[in-house]
Amino acid sequence: MYAGSFCLKSLLLMESWKEHLNEDGGLSFDCVKHLLQNFIDWMSSAASNVLAWRNYVVAPLTEELVFRACMIPLLLCGGFKIYSVIFLCPVLFSLAHLNHWMETYIRHNYSMLKASMAVGLQLGYTVIFGSYASFLFIRTGHLLAPLVAHVFCNFMGLPVLFARSKGIVSLAFVAGVVSFLWLLFPVTRPDLYNDRTNNCRCWHGYCSWN
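Since the model is a prediction, treat every value here as computed from it, not as a measurement. (Residues numbered from 1 in each chain as written. Predicted model: local features only at pLDDT ≥ 70, side-chain atom pairs only at ≥ 80, totals over all residues. Heavy atoms only, no water.)

## Quick look at the overall build of the chain
- A count of helices and strands for the chain gives 9 helices and 0 strands.
- Helices (α) and strands (β) of the chain occur, in sequence order from the N terminus, as α-α-α-α-α-α-α-α-α.
- Taking all 210 residues of the chain together, 30% fall into the buried category.
- Considering only contacts in the chain between residues 6 or more positions apart, those separated by 24 or more positions represent 68%.
- Within the structure as shown, the chain displays about 13,800 Å² of accessible surface, and the carbon and sulfur contribution to it stands at 69%. (Helix = DSSP H or I, 4+ residues; strand = E, 2+ residues; numbered from the N terminus. Buried < 20%, exposed > 50% of the residue type's maximum accessible area, 1.4 Å probe, protein only. Contact = heavy atoms within 4.5 Å. Areas by Shrake-Rupley, 256 points an atom, 1.4 Å probe, with all protein chains shown as cover.)

What follows is the structure in structure tokens.
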């Protein structure tokens, strides 16, 4: 889904490298040192940024624990169908992000309509991602899969669909979507991740907990 984003970032990175190469008269030790220093500065800035810790560590971990690890097994063992759970959990997960409306409305000084539209788009995207994360957790039986996906999506933001004067980005996005749909079920087969897949009526034997 992020093939277009990766393609665009790669093109921008290559353009940036070309600019440095032209300025330095070719690939040199100073050029490589400059690029490495920029990367180290970016990592240092991210490590000391409270919002980065919230977006990439605290929020993904706590939200996946609550909305996937705790909620999904209870709903499944309580008799809810898998498809109902994949729809219900993301709705609750999305509603938990309504606090961003106040943040957008007050901190960014948006109008009520503009803030509602911005947060509405985010909530819609959150429902879609929540369904995917719930699917990953149910299919693989592991919290790690939705957790990694959550961190990755928070880092990448919304997928890039197209870029002006860069048709290859749209082509990469389409190819990525096709690959995603083609590989979704094969690479999430339960037996690849879990040896406890039996015929228990509850998911992965959770109903046998005493």
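Right, picking up where we left off after that structure.
## Digging into the UniProt feature "transmembrane region" (unreviewed entry) in the chain
- In the UniProt entry, the feature "transmembrane region" (unreviewed entry) is given for residues 71–96, 117–137, 143–161 and 168–185.
- Between the C-alpha atoms that bound residues 143–161 the distance is 29 Å, and the span itself is 68% helix and 0% strand. (UniProt positions renumbered as here; feature names shortened; annotations may be inferred.)

## Concerning the side chain of Thr 188
- Topologically, Thr 188 is positioned in the loop between helix 8 (167–183) and helix 9 (190–193).
- For Thr 188, a relative accessible area of 4% puts it in the buried group.
- Here the side chain of Thr 188 touches Leu 184 through a polar contact of 2.6 Å, landing on its backbone oxygen.
- Dropping the residues within four chain positions of it, Thr 188 is found in contact with Phe 135, Leu 136, Arg 139, Thr 140 and Tyr 193. (Polar contact = N/O pair within 3.5 Å; in protein donor to acceptor, adjacent residues only side chain to side chain.)

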